[in-house]
Structure formats: C-alpha cells, structure tokens
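A closer look at the structure
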Amino acid sequence: MAIKKYKEDFILLTEAGFIAVNQADEDSALKLFRAAELLDPANVLPKLGFGYLHLHKLDLKKAVKNFEEVLEKDPNNEMAKAFMGLSLSMMPNSVEKGEKMLEQTLKSKDPAVKQLAGSAIDFVEKFIKKTPGPAGKK
C-alpha cells in the first residue's frame, strides 16, 4: 500500500497540526491530524491534537472527550492529563476536579508538562476562582 512510504511523516504532520492550532488555522489542523491518524491509527498524538484544537476553541466538552480517549489508550499520558485538567478547570462544575489533575501533573518529570500545569494553576487561581467584584469598582 502506498501509505507505508509516508509513515515517517507522522511526527511532521502531527507537529504541523499543533502549529496550525497555535496559528488559529482550524482547517489545516484538522487535515494534518486526520492525515497523521491515517498513517498511524493506534497512536494517541492526533487525538491529543484534536483535543488541543477543541481546547483552543473553548469547546471544552469535546476537548475533555478527546483527552479521555487518549487516557483510555495511554493512562500515563501526562500532557493529556494536563490539558484535561485545564479544560475541566474552566468548566463551572468541574473546577476542583481539574485543579486536582493539574496538581498531579505539576509533579511531572517532563518540564513542558510541569510548566503547563503551573501556568494553568496560576490561570485558574487568578481568573477562574476569582470572585467577581461590583461592576465599575477599581
């Protein structure tokens, strides 16, 4: 099958998908993640990418669903746990659950995961849990 000769492009396609998400190019991100998924259907990275895309769009329920699917296949995927923790912490009925996941991933040996978890915890403290004050007061 001709698809085999492109297997080595899996990582390139996946990385390009994450870059497309960061550039708010949803169409390209979807195409890149789908192409990567075709090359290696068992790999969780494209599913992580789809979740990341939904997180960026603040479509949090879809993001959580994707991260749950990643964690079903790879229960130790710390990046999925951190993204899921962030997603949950922005959902009104799941803030505490999300914070717990972020605190767990804060112990990661992976510096990128640790930094993401730390930034997410700071964000939750400053913006999610903050009690809104009266309008117009400074």
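Please refer to the structure placed before this passage.
We now turn to the structure provided with this report. Bear in mind the structure is a predicted one, so any value in this text is a computation, not a measurement.

Here we look at the environment of Asp 59
Note that Asp 59 resides in the loop between α3 (45–56) and α4 (60–73). What makes Asp 59 partly exposed here is its relative accessible area of 25%. Distance from Asp 59 to Ser 87, taken between C-alpha atoms, is 8.9 Å for residues 28 residues apart in sequence.

Considering the side chain of Thr 14
On the secondary structure map, Thr 14 appears in helix α1 (residues 10–22). In contact with Thr 14, not counting residues within four places along its chain, are Phe 33, Ala 36 and Leu 45.

Some remarks on the packing of helix α5 (residues 78–89) against helix α7 (residues 111–128)
The contact between α5 and α7 brings their axes to 10 Å, and the two run at 5°. Classified by the angle their axes make, α5 and α7 are roughly parallel. Residues Glu 78, Met 79, Ala 82, Phe 83, Leu 86 and Ser 89 of α5 form the contact with α7, whose own contacting residues are Ala 112, Val 113, Leu 116, Ala 120, Phe 123, Val 124 and Ile 128. Taken together, the residues of the contact of α5 with α7 break down into eleven nonpolar, one polar and one charged.

Some thoughts on the packing of aromatic side chains
The geometry of two aromatic rings is summed up by the distance between their centres and the angle between their planes. Summed over the entire model, instances satisfying the criterion amount to six aromatic pairs. When the centroid spacing of 5.3 Å and the interplanar angle of 40° are considered together, the rings of Phe 123 and Phe 127 count as tilted. In this pair, Phe 123 and Phe 127 both sit in helix α7, four residues apart, roughly one turn of the helix. Exposure remark for Phe 123: the relative accessible area of 31% places this residue in the partly exposed category.

Brief notes about unusual backbone geometry
The backbone of Ala 24 sits at a positive phi, close to 60°, despite the residue not being glycine. Here Ala 24 is to be found in the loop between α1 and α2 (26–39). A positive phi angle, close to 60°, is found at Leu 58, a residue other than glycine. Looking at where Leu 58 falls in the secondary structure, it is placed in the loop between α3 and α4. With a relative accessible area of 57%, Leu 58 lands in the exposed category.

Topic: the pattern of salt bridges
Evaluation of the coordinates by the stated rule reveals five salt bridges. A salt bridge links Lys 57 to Glu 26, with the nearest nitrogen and oxygen atoms 2.9 Å apart. Pair noted here: Lys 57 is in the loop between α3 and α4 and Glu 26 is in helix α2, with a separation of 31 residues, a long-range link. Ionic pairing is found between Glu 69 and Lys 47, a salt bridge with its closest N-O pair at 2.8 Å. With a gap of 22 residues between them, Glu 69 in helix α4 and Lys 47 in helix α3 connect regions that are remote in the sequence. Assessed through its relative accessible area of 22%, Glu 69 is described here as partly exposed. When its relative accessible area of 23% is taken as the criterion, Lys 47 is described as partly exposed. Residues joined in a network through salt bridges with shared partners are Lys 47, Lys 65 and Glu 69.

Quick notes on the rules
Residues numbered from 1 in each chain as written. Predicted model: local features only at pLDDT ≥ 70, side-chain atom pairs only at ≥ 80, totals over all residues. Heavy atoms only, no water. Helix = DSSP H or I, 4+ residues; strand = E, 2+ residues; numbered from the N terminus. Buried < 20%, exposed > 50% of the residue type's maximum accessible area, 1.4 Å probe, protein only. Contact = heavy atoms within 4.5 Å. Axes fitted to C-alpha atoms, helices over the stretch in contact; angles between N-to-C directions. Parallel < 35°, antiparallel > 145°, perpendicular 65-115°, else oblique. Nonpolar A, V, L, I, M, F, W, Y, C, P; charged D, E, K, R; others polar. Phe/Tyr/Trp six-rings, centres within 6.5 Å; stacked < 30°, edge-to-face > 60°. Salt bridge = Lys/Arg side-chain N within 4 Å of Asp/Glu carboxyl O.

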